[in-house]
Amino acid sequence: MHEFSITQSILDIALERAGEDQASRITKINVTLGDLSGISEECVQFYFDFLSKDTIAAEASLAFDKVPTQLRCRECGTTFSPDNSAWLCPGCKEQKMDIIFGRECYINSIEVE
Ligand SMILES: [Zn+2]
């Protein structure tokens, strides 16, 4: 159900922006999605098709811009993309990380007519 509320807010924001632009139709919604967001594109698409019915976004396509995970080691400051779930710093082998990229989930832009 996580995706359901996210999809609802994606749609709400898109409709709001389209309203500001006085658009008659939303053709495309570009969504930025981090690898760590835990959000399934398929689920969002599924809910979107359901929720957008009877709105001006009914025929909009969703495009997902995936953001790879990037971490920064708190010990030595090395930034890296983890290639496994262990999250081991390649510089000092520490496991204390800050997430720099990867949790994104927002509308980057919408295209309207
Ligand atoms: Zn380190």
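Scroll up for the structure.
Keep in mind it's a predicted model, so treat the numbers as computed, not measured.

(A) Structural view of the nonpolar core. In this structure, Ile10, Ile26, Ile29 and Phe48 are the most contacted members of the largest nonpolar core, which totals 20 residues. Going through the elements one at a time, α1 (2–20), β1 (26–34), α2 (41–51) and β6 (105–112) are the ones with two or more residues in this core. Counting residues per element, this core draws most heavily on α1, which supplies five residues. Every residue in contact with Phe48, bar those within four places of it in the chain, is listed here: Thr7, Leu11, Ile29, Ala57, Ala60 and Leu62.

(B) Molecular detail of the pattern of salt bridges. Within the structure shown, the criterion is met by six salt bridges. For Glu75, the salt bridge is made with Lys96, and the minimal N-O distance between the two is 3.4 Å. Of the two residues, Glu75 sits in the loop between β3 (70–73) and β4 (79–80) while Lys96 sits in the loop between β4 and β5 (97–101), which places them 21 residues apart along the sequence. Overall, Lys96 belongs to the partly exposed group, its relative accessible area being 44%. Among the charged side chains, a network of salt bridges with common partners joins Arg25, Glu59 and Glu113.

(C) Examining the coordination of the zinc ion more closely. Taken together, Cys73 (SG), Cys76 (SG), Cys89 (SG) and Cys92 (SG) make up the full set of protein donors to the zinc ion, lying 2.3 Å away. Every donor counted, the four donor atoms about the zinc ion form angles of 104 to 113° at the centre, which fits tetrahedral coordination. Taken in chain order, the donor set of the zinc ion reads C-x2-C-x12-C-x2-C. With Cys76 in the loop between β3 and β4 and Cys89 in the loop between β4 and β5, this pair connects stretches of sequence that are 13 residues apart.

(D) Spatial organisation of the pairing of β3. The alternating pattern of β3 places Leu71 and Cys73 on a buried face and Gln70 and Arg72 on a face that is not buried. Here β3 pairs with β5 via four bridges, running antiparallel. Its bridge partner lying in β5, Arg72 is registered against Asp98. By the bridge criterion, two bridges tie β3 to β4 in an arrangement that is antiparallel. Directly across from Leu71, in β4, lies its bridge partner Phe80.

(E) Looking closely at the packing of α1 against α2. Running from amino to carboxyl end, α1 crosses α2 at an angle of 55°, the nearest separation of the two axes being 9 Å. Considering their axes alone, α1 and α2 lie oblique with respect to each other. Viewed along their axes, α1 and α2 form a crossing whose handedness is right-handed. Contacts between α1 and α2 involve Glu3, Phe4, Thr7, Gln8, Ile10 and Leu11 from the former and Cys43, Val44, Tyr47, Phe48, Phe50 and Leu51 from the latter. A breakdown of the residues in the contact of α1 with α2 according to their chemical character gives nine nonpolar, two polar and one charged.

Reading guide: rules and limits
- Residues numbered from 1 in each chain as written.
- Predicted model: local features only at pLDDT ≥ 70, side-chain atom pairs only at ≥ 80, totals over all residues.
- Heavy atoms only, no water.
- Core = buried A, V, L, I, M, F, W, Y, C linked by side-chain atoms within 4.5 Å.
- Buried < 20%, exposed > 50% of the residue type's maximum accessible area, 1.4 Å probe, protein only.
- Helix = DSSP H or I, 4+ residues; strand = E, 2+ residues; numbered from the N terminus.
- Contact = heavy atoms within 4.5 Å.
- Salt bridge = Lys/Arg side-chain N within 4 Å of Asp/Glu carboxyl O.
- Donors = N, O, S within 2.8 Å, 3.2 Å for Na, K, Ca; no water.
- Tetrahedral: all angles 85-135°; square planar, octahedral: opposite > 155°, others 65-115°.
- Pairing = 2+ DSSP bridges.
- Axes fitted to C-alpha atoms, helices over the stretch in contact; angles between N-to-C directions.
- Parallel < 35°, antiparallel > 145°, perpendicular 65-115°, else oblique.
- Left-handed = near helix turned anticlockwise from the far one by under 90°.
- Nonpolar A, V, L, I, M, F, W, Y, C, P; charged D, E, K, R; others polar.

All we've got here are geometric facts, nothing functional implied.
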